[in-house]
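Overview (structure and organization)
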Amino acid sequence: MQKLKGRTPIRRSLWIVLSYLFVGWLWITFSDAIVAQWFKDAEALSLAQTYKGTLFVLVTGLVLFAILYRQLSKDRALLSLHARQRNEILRLNRFREKVIDQASVWINVLDSKGRIVLWNRAAEEITGYRRDEVMHSDQVWELMYPDPDVREKILEKVAEVLRNEDAMVGFETTILTKQGQERVISWYTSTLEGVEGDEPAGTIAIGQDVTDIRAAENTIRRRDRQLVTLMDNLPGMAYRCLYDEHWTMKFVSSGCRDLTGYDPEELLDNRVISWASLISGDENDRLVREVETAIGSAEPFSLEYSVDRKDGGKVWVWERGRAVADGDELVLEGIIIDITDRKVLEEELSVMATRDALTGLLDRREATRLLEEEISRARRYQRSLALLWIDLDHFKQVNDQLGHAAGDKVLCGFSELLSSRIRQVDFVSRFGGEEFIVVLPEMDVSEAEQSAERLRQLVASSPQQLDNGRSVNLTMSVGVAIFPDHGEDASALIAAADQAMYQAKAAGRNRVVVASPGNTGPTSLSK
């Protein structure tokens with residue numbers, strides 16, 4: 001192609017010269033004959049031939065001037081165009097060199113033999129090797145990839161790019177810098193096209209230092225693993241839910257399975273069941289109010305409530321969370337922990353604090369509190385209330401003759417007997433030793449006396465069985481006091497019933513005595 005292009009001006013020049021010679025030959029040959037026919041006189045013929053020659057020179061000179069002028073004009077235009085193109089190319093090259101040199105990514109160009117022909121400033125900064133140390137050589141690769149196996153794999157990759165004349169994207173290598181540091185580089189590599197029909201001229205490689213990015217990703221992955229491990233080992237579950245009527249779960253940790261029996265996927269987006277449906281309606285209303293209060297105060301919230309498990313059981317949970325903004329939505333994030341064991345312990349402690357340790361009946365303090373509440377209710381609704389003060393007759397003899405273990409057995413059996421024969425609104429309390437009270441709301445004096453008598457007869461006809469097969473016959477003395485006839489507060493009513501019980505003792509025991517108005521006295525715990 002270049003040879004053909006090189007011959008074009010010669011052919012054009014030969015064509016012009018040959019055309020000139022041909023025209024000259026035609027002019028000389030035919031013009032002389034024509035002039036000889038027109039001019040017979042020798043002097044005139046000579047003068048005509050002189051003018052003919054002069055005319056030929058002028059015409060050919062004009063033609064040559066026109067041709068040269070046209071060609072020189074074209075050449076001048078081409079030279080001007082070439083000058084402009086050369087300037088543009090120079091500016092483009094300077095711009096390209098400036099862009100390449102100031103680029104924030106590593107750019108290098110290799111020739112077909114792997115030697116470096118371009119090494120920008122970012123390459124210097126990343127590797128620590130200056131341009132004059134690496135240009136027109138391939139020795140730097142041995143320094144940056146000291147492991148021959150690794151270096152061989154990389155060379156194979158580069159050779160593959162050259163063979164396929166293709167691009168390689170996202171290929172990562174770890175280089176050793178001049179300072180001895182390891183850096184992770186992500187490469188984009190492509191071939192450089194050669195002259196048409198020739199082999200590729202080399203490769204261009206663009207490398208991005210992703211060391212910090214990969215370190216951050218590793219840190220995030222490590223923290224994610226730690227977070228997953230932490231969540232999986234919580235005695236409950238972590239969650240992220242919408243602040244809506246269903247508490248729609250958007251994230252649930254695997255602890256949900258142990259806590260509720262449901263898989264996390266069953267709760268996400270309410271696919272099978274919503275969190276709100278696991279909570280009783282009344283409790284849900286309370287939780288909504290408490291969460292609203294916390295959100296209004298921009299504070300975290302703490303909640304305690306029970307949840308229905310998938311297997312039908314119930315668990316008590318403690319929830320700690322906070323409202324956070326997620327774009328245009330408000331979401332709740334927190335943890336929910338199983339506190340069933342704590343709740344059971346609290347209930348046991350509550351029972352221990354209000355119940356008699358031996359019989360399980362209400363103790364004196366709790367019974368007095370409840371009696372005051374019942375008196376307040378009776379006063380508010382103007383209704384009566386009865387109090388029975390019971391003392392077991394001759395119970396000291398049971399302890400002395402059979403032992404305290406037998407005495408405890410008798411007290412427990414007696415307590416169960418009383419509890420089984422009273423109404424649900426009534427309650428029994430062990431006030432101390434062998435003394436008990438029974439509170440009978442909304443009973444007048446005659447009803448209370450009849451109830452006391454039925455209980456007395458029941459106890460007298462129901463011997464208490466001991467573990468050794470023996471039985472113990474019991475009787476009891478009962479004092480009856482009625483609100484408001486015999487007292488208008490708990491202490492007055494207890495004193496009146498206690499005094500009436502003393503009268504029953506004095507009258508021979510095993511009987512019921514109703515207190516008289518104003519018949520009160522000090523309460524005694526030892527009879």
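A brief look at the structure comes next. (Residues numbered from 1 in each chain as written. Predicted model: local features only at pLDDT ≥ 70, side-chain atom pairs only at ≥ 80, totals over all residues. Heavy atoms only, no water.)

All right, on to the packing of aromatic side chains then. Using the criterion set out here, one finds seven aromatic pairs in the structure. Here Phe 65 and Tyr 69 contribute two aromatic rings whose centre-to-centre distance is 6.0 Å and whose plane-to-plane angle is 20 degrees, an arrangement assigned as stacked. Here the residue Phe 65 and the residue Tyr 69 both occupy positions in helix α2 (residues 42-102), the gap between them amounting to four residues, near one helical turn. Given a relative accessible area of 56%, Phe 65 falls into the exposed group. Residues Trp 119 and Trp 141 carry aromatic rings whose centres are separated by 6.3 Å and whose planes lie at 70 degrees to one another, so their mutual orientation is edge-to-face. Taken together, the residues span a long stretch of sequence, with Trp 119 in strand β2 (residues 116-119) and Trp 141 in helix α5 (residues 140-144) at a distance of 22 residues. Taking relative accessible area as the criterion, Trp 141 reaches 14% and is therefore assigned buried. One aromatic cluster is present, formed by Trp 106, Trp 119, Trp 141 and Trp 187 through successive ring pairs. The ring centre of Trp 316 lies 4.6 Å from the NZ or CZ of Lys 343, which sits over that ring. (Phe/Tyr/Trp six-rings, centres within 6.5 Å; stacked < 30°, edge-to-face > 60°. Helix = DSSP H or I, 4+ residues; strand = E, 2+ residues; numbered from the N terminus. Buried < 20%, exposed > 50% of the residue type's maximum accessible area, 1.4 Å probe, protein only. Lys NZ or Arg CZ within 6 Å of the ring centre and 35° of its normal.)

Where helix α13 (residues 395-402) contacts helix α14 (residues 404-420), the two axes come as close as 6 Å, and the packing angle between them is 140 degrees. When the axes of α13 and α14 are compared, the pair comes out oblique. In this structure, α13 contributes Phe 395, Val 398, Asn 399 and Leu 402 to the contact, and α14 contributes His 404, Ala 406, Gly 407, Val 410 and Leu 411. By residue class, the composition of the contact of α13 with α14 is six nonpolar, three polar and no charged. (Axes fitted to C-alpha atoms, helices over the stretch in contact; angles between N-to-C directions. Parallel < 35°, antiparallel > 145°, perpendicular 65-115°, else oblique. Contact = heavy atoms within 4.5 Å. Nonpolar A, V, L, I, M, F, W, Y, C, P; charged D, E, K, R; others polar.)

On to the pairing of strand β6 (residues 236-242). Along a regular strand, successive side chains alternate from one face of the sheet to the other. Most of β6 is tucked away, with six of its seven residues classed as buried. Both β6 and strand β10 (residues 329-338) contribute to a ladder of seven bridges, which runs antiparallel. When the bridges of β10 are listed, Arg 240 appears paired with Glu 333. Summarising the sheet, β6 and strand β7 (residues 249-252) pair through three bridges and their orientation is antiparallel. Note that in β7 the partner of Arg 240 across the bridge is Phe 251. Two successive antiparallel strands, β6 and β7, enclose a turn made up of six residues, where Trp 247 displays a positive phi of approximately 50 degrees. (Pairing = 2+ DSSP bridges.)

Pairing is antiparallel across the open sheet formed by five strands, whose spatial order is β2-β1-β5-β4-β3. Of all the strands in the sheet, just β2 and β3 (168-176) have a single pairing partner and so form its edges. Each neighbouring strand pair of the sheet contributes to a mean axis angle of 25 degrees, computed without reference to strand direction. Relative to strand β5 (residues 202-209), strand β1 (residues 106-111) is paired through six bridges, and the arrangement is antiparallel. Each residue of the ladder has a partner; that of Ile 107, found in β5, is Ile 206.

According to the stated counting rule, one finds zero disulfides in the structure shown. The thiol sulfur of Cys 256 is not disulfide-bonded, and the nearest other cysteine sulfur, from Cys 241, lies at 13 Å. (Disulfide = S-S within 2.5 Å.)

Before going further, it helps to spend a moment on the environment of Gly 202. Inspection of the secondary structure assignment puts Gly 202 in strand β5. As a C-alpha pair, Gly 202 and Leu 192 span ten residues in sequence and 5.2 Å in three-dimensional space.

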